[in-house]
Amino acid sequence: MPYTIYIDGTGKKGPWMGHLLSEPGCIWLASSPIAVTASAPDSIARYYAWLRTHGEADVLPVTPEEVEVDVAEIHEVEGFGQSGAPVGLFEPDSEPVTDADIARVIRRLIYARGNLLEAVAELPSRALDWQPPNGKRTLRQNLEHIRAAQGYYLTRVYGWDAANEILPDPWPDETMASFNWVLNRSVWALLNLPESLRSGIYQAEGPAEEWTPRKMLRRFVEHEMEHLGVVRVTIGVWRQAREEVHS
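Residues numbered from 1 in each chain as written. Predicted model: local features only at pLDDT ≥ 70, side-chain atom pairs only at ≥ 80, totals over all residues. Heavy atoms only, no water.

(A) The arrangement of the side chain of Glu23 in detail. As for its placement among the helices and strands, Glu23 is situated in the loop between β2 (16-19) and β3 (27-30). Accessibility expressed as a relative area gives 13% for Glu23, which makes it buried. At 2.5 Å, the side chain of Glu23 forms a polar contact with the side chain of Arg108. (Helix = DSSP H or I, 4+ residues; strand = E, 2+ residues; numbered from the N terminus. Buried < 20%, exposed > 50% of the residue type's maximum accessible area, 1.4 Å probe, protein only. Polar contact = N/O pair within 3.5 Å; in protein donor to acceptor, adjacent residues only side chain to side chain.)

(B) How the structure looks around the pairing of strand β1 (residues 2-9). Among the eight residues that make up β1, six are buried, leaving the element largely enclosed by the rest of the structure. Pairing of β1 with strand β4 (residues 68-76) involves eight bridges; the strand directions are parallel. Counterpart to Gly9 in the pairing with β4 is Glu76. As paired strands, β1 and β2 are joined by four bridges and run antiparallel to one another. What sits directly across from Ile7, in β2, is Gly18. A loop of six residues connects β1 with β2, the two strands running antiparallel in sequence, and Gly11 in this loop sits at a positive phi of about 75°. (Pairing = 2+ DSSP bridges.)

(C) The sheet that holds β1, seen in detail. Strand order in the open sheet formed by four strands is β3-β2-β1-β4, with mixed pairing between adjacent strands. Bordering the open sheet on either side are β3 and β4, each of which pairs with just one other strand. If you compare each strand with its neighbour and ignore which way they point, the axes differ by 25° on average. (Axes fitted to C-alpha atoms, helices over the stretch in contact; angles between N-to-C directions.)

(D) Expanded view of the nonpolar core. In terms of nonpolar packing, the biggest core is built from 54 residues, with Leu20, Trp28, Ile44, Tyr48, Leu154, Leu190 and Met216 touching the most fellow members. Ranked by residue count, the leading element in this core is helix α1 (residues 33-53), at seven residues. When residues no more than four places from it in sequence are discounted, the contact partners of Leu20 are Tyr3, Thr4, Ile5, Cys26, Trp28, Ile44 and Tyr48. Ala119, Val120, Leu123 and Leu139 belong to the second-largest nonpolar core, a separate cluster that totals 14 residues. (Core = buried A, V, L, I, M, F, W, Y, C linked by side-chain atoms within 4.5 Å. Contact = heavy atoms within 4.5 Å.)

Right under this line is the structure:
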């Protein structure tokens, strides 16, 4: 079965990211566009399996052998992978969004958030502030980054003033309280996205970048999925370090 993928990234060593835009949140990273294409079958099959674990029983099981990949667009984006850097804008991102699109993105965003909360739920508080090697973000810093990114995504289409009304200061002080508060208010904003903001191209600043409502929607769930993976890796490294200390 053919699956059309889209790729953005930078440089000879990456990172490069694959997107199955027909399934918001289906993303994967590799070191080059060729590597992204090669890893697409496994990544797409895993994503469909993930949907089924969250009760989407109408999603048929897919094996990597059944996935035929067609690359529609490849965009090289300067600084890709750095915090706050631009990301690609693909042709399908210009399609107006519907209520069904919004509901699907929110559903998958909630799946990812549930997995993320499960991952950190039983950790001792000191684990959130444990410093990984090579200057990587702590778990708490990852959670705060996810939280801040959702407010940022709202500004790309709503604009700064409206986004500040949706997420007014002061935010809750405690990390997990503010983490969930921002998600809840962001979901409300997506559900109530005005008809006037459901199509068109928006020239956002900081960085200067073209956005559309559909790009904003997909980045909400893509970013959550991306950092769910980062958090799981960080937890694994923390557990390994703890075992080495006690061995």
